[in-house]
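Residues per chain, in single letters:
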Amino acid sequence: MGICRTKVNWILDVDLRSFFDTLSHEWRVRFVEHRIGDARIVRLIRKGLKAGVIEDGQWSASESGTPQGAVVSPLLANIYLHYVFDLWAEQWRGHKAHGTGFTHICGRSPRRGTFLLHRKTRRDRMRARLRALKGELKRRMHNPIPAQGRWLGQVLRGYFAYHAVPTNFARIAAFRYHVTVLWLSTLRRRSQKDRCSWESISRLAAAYLPSPRILHPWPSIRFAVNHPRWEPGA
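Residues numbered from 1 in each chain as written. Predicted model: local features only at pLDDT ≥ 70, side-chain atom pairs only at ≥ 80, totals over all residues. Heavy atoms only, no water.

1. Considerations on the pairing of strand E4 (residues 115–120)
Bridge count between strand E3 (residues 103–108) and E4: 6 bridges; the pairing is antiparallel. Counted as the bridge partner of Cys-106 is Leu-117 from E4. (Pairing = 2+ DSSP bridges. Helix = DSSP H or I, 4+ residues; strand = E, 2+ residues; numbered from the N terminus.)

Here is the structure:
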């Protein structure tokens, strides 16, 4: 919303503040011990962490952080981030982030020609969803056609509930088309005598599969409802 409502030319990627200076030695060693069983390697890492720093000719011990400029510092920092960020993010996505995100593209409004942020379903995620759907259709191959149609209708309604956002109509229409093709292929495999035509599957799709349409409001409308007094730069 901030990108669309304000004059944005750059997006700043901010680094973690004082990351190398505040890393816990205790947890760092525990993370290393989780994967490395050689006590000699662990002992060397402990010594490296306790090496301290020299400023103005004076040596001082460091109780936290990693030695700045040391060869091993980037490696130890990545090990630390793997446990405190990567694994946490993976667990969070599995339990909380049930959506698949989108690809954000800078574009223009077709009517006014002004800046417009386009959101499209990621191609790799859509392909993965279709592959999973193909496997499930194969498992349901010999179910009655009405049962297959009702199930596929539920799948598409769930998909549209998340992905049917403005500027994403082409992708959700493509998803429905590919689902229809997969259904046709599945029905043709049920029997050598069953040669379902495109006209037949089109009638089944019209009866059971919801048509693609945008379900979500524009971000500006939703944002204005939740923050009616918001102003750029406030």
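2. Notes on the packing of aromatic side chains
Taken as a whole, this structure holds 7 aromatic pairs when the rule is applied. An angle of 65° between the planes, with centres 5.5 Å apart, marks the rings of Phe-31 and Tyr-80 as edge-to-face. Of this pair, Phe-31 sits in helix H3 (residues 25–35) while Tyr-80 is found in helix H5 (residues 73–95), placing the two residues 49 residues apart along the sequence. In terms of burial, Phe-31 and Tyr-80 fall into one category: buried. Both rings, one in Phe-85 and one in Trp-88, keep their centres 6.4 Å apart while their planes meet at 40°; by these two values the pair is tilted. Of the two residues, Phe-85 and Trp-88 both sit in helix H5, 3 residues apart, roughly one turn of that helix. (Phe/Tyr/Trp six-rings, centres within 6.5 Å; stacked < 30°, edge-to-face > 60°. Buried < 20%, exposed > 50% of the residue type's maximum accessible area, 1.4 Å probe, protein only.)

3. A short note on the side chain of Gln-148
Looking at the secondary structure, you find Gln-148 in helix H7 (residues 145–163). By relative accessible area, which is 1% here, Gln-148 ends up buried. Side-chain polar atoms of Gln-148 contact the backbone oxygen of Arg-140, separated by 2.8 Å. Only 2.8 Å separates the side chain of Gln-148 from the side chain of Trp-183, close enough to count as a polar contact. In this structure Gln-148 touches Arg-140, Met-141, His-142, Asn-143, Trp-183, Leu-187 and Arg-190, once residues within four positions along its chain are discounted. (Polar contact = N/O pair within 3.5 Å; in protein donor to acceptor, adjacent residues only side chain to side chain. Contact = heavy atoms within 4.5 Å.)

4. Considerations on the nonpolar core
Of all hydrophobic cores here, the largest spans 23 residues; its most connected members are Leu-152, Phe-175, Val-179, Trp-183, Ile-201 and Leu-209. Those elements that place two or more of their residues in this core are helix H6 (123–139), H7, helix H8 (169–189) and helix H9 (198–208). If one sorts the elements of this core by residue count, H8 sits on top with 7 residues. Not counting chain neighbours up to four residues away, the residues in contact with Leu-152 comprise Leu-133, Leu-137, Val-179, Trp-183 and Leu-209. (Core = buried A, V, L, I, M, F, W, Y, C linked by side-chain atoms within 4.5 Å.)

5. A closer look at the packing of H3 against helix H4 (residues 39–49)
Contact geometry of H3 with H4 gives a least axis separation of 10 Å together with a crossing angle of 160°. Taken together, the axes of H3 and H4 are roughly antiparallel relative to one another. As H3 packs across H4, the resulting crossing turns out to be right-handed. The residues of H4 that touch H3, namely those facing His-25, Arg-28, Val-29, Val-32 and Glu-33, are Val-42, Ile-45, Arg-46 and Leu-49. (Axes fitted to C-alpha atoms, helices over the stretch in contact; angles between N-to-C directions. Parallel < 35°, antiparallel > 145°, perpendicular 65-115°, else oblique. Left-handed = near helix turned anticlockwise from the far one by under 90°.)

6. Some points on the pattern of salt bridges
Proximity of charged atoms lets side chains of opposite charge pair with each other. Going through the model one piece at a time under the given rule, you end up with 5 salt bridges. Across the salt bridge formed by Asp-38 and Arg-40, the nearest N and O atoms sit 3.1 Å from each other. Given the relative accessible area of 55%, Arg-40 is considered exposed. A single salt-bridge network, built from bridges that share partners, covers Glu-136, Arg-139 and Arg-140. (Salt bridge = Lys/Arg side-chain N within 4 Å of Asp/Glu carboxyl O.)

7. Observations concerning the packing of H7 against H8
Following both chains from N to C, one finds H7 and H8 inclined at 160°, their axes separated by 11 Å at the closest point. On the basis of the axis angle, H7 is roughly antiparallel to H8. Remark: the crossing between H7 and H8 carries right-handed chirality. In this structure, H7 contributes Ile-145, Gln-148, Gly-149, Leu-152, Leu-156, Tyr-159, Phe-160 and His-163 to the contact, and H8 contributes Ile-172, Phe-175, Arg-176, Val-179, Trp-183 and Leu-187. For the contact of H7 with H8, the residue count by class is 10 nonpolar, 3 polar and 1 charged. (Nonpolar A, V, L, I, M, F, W, Y, C, P; charged D, E, K, R; others polar.)

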